[in-house]
Amino acid sequence: MQNHLTNDHADFENILDGIVTDAKRFLSGLDNRPVGAVVPAYFEPINIPENGFGARRALELFQERYEPWISGGAGPRYFGYVTGGATPAALAGDWLTSVYDQNVLGSTESIAPQIELDAIALLRQLFGLPDQFTGAFVTGATMSNFVGLALGRQWVGRQQGVDFAQKGSWRSAPVRIFSGTPHSSIYKAAAMLGIGREAVMQVPCLPEREAVDLTAMEAVLQSQNGQPCIVVANAGTVNTVDFDDLETIANLKSQYQFWLHIDAAYGGFAACSSRYRHLVEGLELADSITVDAHKWLNVPYDAAMQFTPHLQLQAEVFQNAAAYLGSEISSSNFVNLTPENSRRLRALPAWFTLIAYGTQGYAEIVERTCDLAHWLGQRIGASQAFVLLSPVCLNGVCFTLAMRGSNPTTNDIQRYLELLKESGRVFLTPTVYRGIPAMRASVTNWRTTQTDIEV
């Protein structure tokens, strides 16, 4: 064994203690760290050392080269990309995920698959889904939407009498995807699946809303003339956190042939709150569901969930034919249910934080952050400097700069956000709403308080 590796093995405990000390330092200074780091335009090239330096020196070099520009994005004034932080329990679970280093593919060598099943069961209860819904953790909402649309594509093939997973879809009629305000990841997933971005058809929305017009949706379904298709309904759009009428859309399945995928990446956690639960009525009628975990669940990045009541269909798409992996179809044999064969135990942070804070804890996070977003929306609406572009629905605020006689340009918004980032106090992201260059604030972090919103 190489010298540094031998020494680090002997010094393992002290190395971990050093990391804990550094983590405490970082977390204690999080509120004062620039929320958006201004990174130098140029770094000296780095070369791999011949003999290495050992773990302790590697940490020192990391701190010298990168640590000053690690952003405070895990803190209470990061309002971009709909990102929560990591609750204390979620962070504990995430550390242990690396310590245990389990490959959750579904074999019987470890209890890890059962931990993921338990985490999925807790989330199923939180969202009020029936027991027939199985689920799995994937890397993010994009991959969860990918799984849902992959199942939808396989279902469409079944209606046409073709096993797309086995035969391919190139000889069949194009698969159509209809949605009012599809997230960009829907287009990306369609491209990866070979359905194609052009197959995603935007259906008109209600006036001044991002929710789909149900009359328009029924009209496009009627125009399919019985041809099966996929409908993506939204439970929380990315700009204004608007919700489609999920129950009414689901009821259209009695008249028209479509797979219903609900993209609840943003707003699924409305189910935690008695105040907002009505927004996700009909969630249990979906054929597939996406929910993100790094948003309101407040676990570290690289975690989302997919749910479906169609386990057999999922296995048709993702079954991995290798003798050493086994071919059993079950809710715990994840190697046959998700795109990844190698799967870290990313369910563990979710398990920890759900057990630690429970239904009431998450109801409080959802309602508090929504209250803060509404307060911010009221202040923006009354301001001479800004224009509120849409009423605040949940925890997202979509607004723009007030300009004399015209709308701001994309450059105006970008320059403003750059100045805001340089101040180090707050981080926001740009968007475009109804053709108007704008910005959005998403209040999602468990740490955020009234003081942070006042800043």
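Residues numbered from 1 in each chain as written. Predicted model: local features only at pLDDT ≥ 70, side-chain atom pairs only at ≥ 80, totals over all residues. Heavy atoms only, no water.

Peer 1: Hey, could you run me through the overall build of the protein in this one?
Peer 2: Counting secondary structure elements, the protein contains 14 helices and 11 strands. Rg of the C-alpha trace for the protein: 23 Å, near the compact-globule value of 23 Å for 455 residues, within the 12% margin. In the protein, buried positions account for 50% of the 455 residues. Across the protein, every contact between residues at least 6 apart in sequence was considered, and the portion connecting residues at least 24 apart equals 71%. (Helix = DSSP H or I, 4+ residues; strand = E, 2+ residues; numbered from the N terminus. Rg over C-alpha atoms; globule rule 2.2 N^0.38 Å. Buried < 20%, exposed > 50% of the residue type's maximum accessible area, 1.4 Å probe, protein only. Contact = heavy atoms within 4.5 Å.)

Peer 1: Would you mind going over the side chain of Thr87 with me for this structure?
Peer 2: As for its placement among the helices and strands, Thr87 is situated in the loop between helix 3 (55-65) and helix 4 (88-100). Classification of Thr87 as buried rests on a relative accessible area of 2%. Non-local contacts of Thr87, meaning those with residues more than four positions away in its chain, are made with Leu297, Asn298, Thr353, Tyr357, Tyr362 and Trp446.

Peer 1: Got a minute to help me understand a nonpolar patch on the surface in this structure?
Peer 2: A cluster of nonpolar side chains, Ile46, Phe62, Tyr66 and Ile70, forms an exposed patch at the surface whose accessible area comes to about 370 Å². The residue Tyr66 is located in the loop between helix 3 and helix 4 in this model. (Patch = residues over 30% accessible without salt bridge, like charges linked within 9 Å, V, L, I, M, F, W, Y side chains within 5 Å. Areas by Shrake-Rupley, 256 points an atom, 1.4 Å probe, with all protein chains shown as cover. Salt bridge = Lys/Arg side-chain N within 4 Å of Asp/Glu carboxyl O.)

Peer 1: Help me understand the pattern of salt bridges in this model?
Peer 2: Pairing is possible between side chains of opposite charge, provided their charged atoms come close. Per the counting criterion, the structure on display carries 18 salt bridges. Residue Arg56 is joined to Asp11 by a salt bridge in which the shortest nitrogen-to-oxygen separation is 2.7 Å. Here Arg56 is found in helix 3, whereas its partner Asp11 is found in the loop between helix 1 (3-10) and helix 2 (12-28), with 45 residues between them in sequence. Judged by its relative accessible area of 45%, Arg56 is partly exposed. With a shortest N-O distance of 2.6 Å, Arg25 and Asp22 are connected by a salt bridge. On the criterion of helical spacing, the pair formed by Arg25 and Asp22 is a turn pair, its members being 3 residues apart in helix 2. Residue classification places Arg25 among the partly exposed residues on the basis of a relative accessible area of 38%. Since its relative accessible area comes to 16%, Asp22 is described here as buried. What emerges from the salt-bridge pattern is a single network uniting Asp22, Arg25, Arg33 and Glu67.

In short, geometric facts, not functional conclusions.
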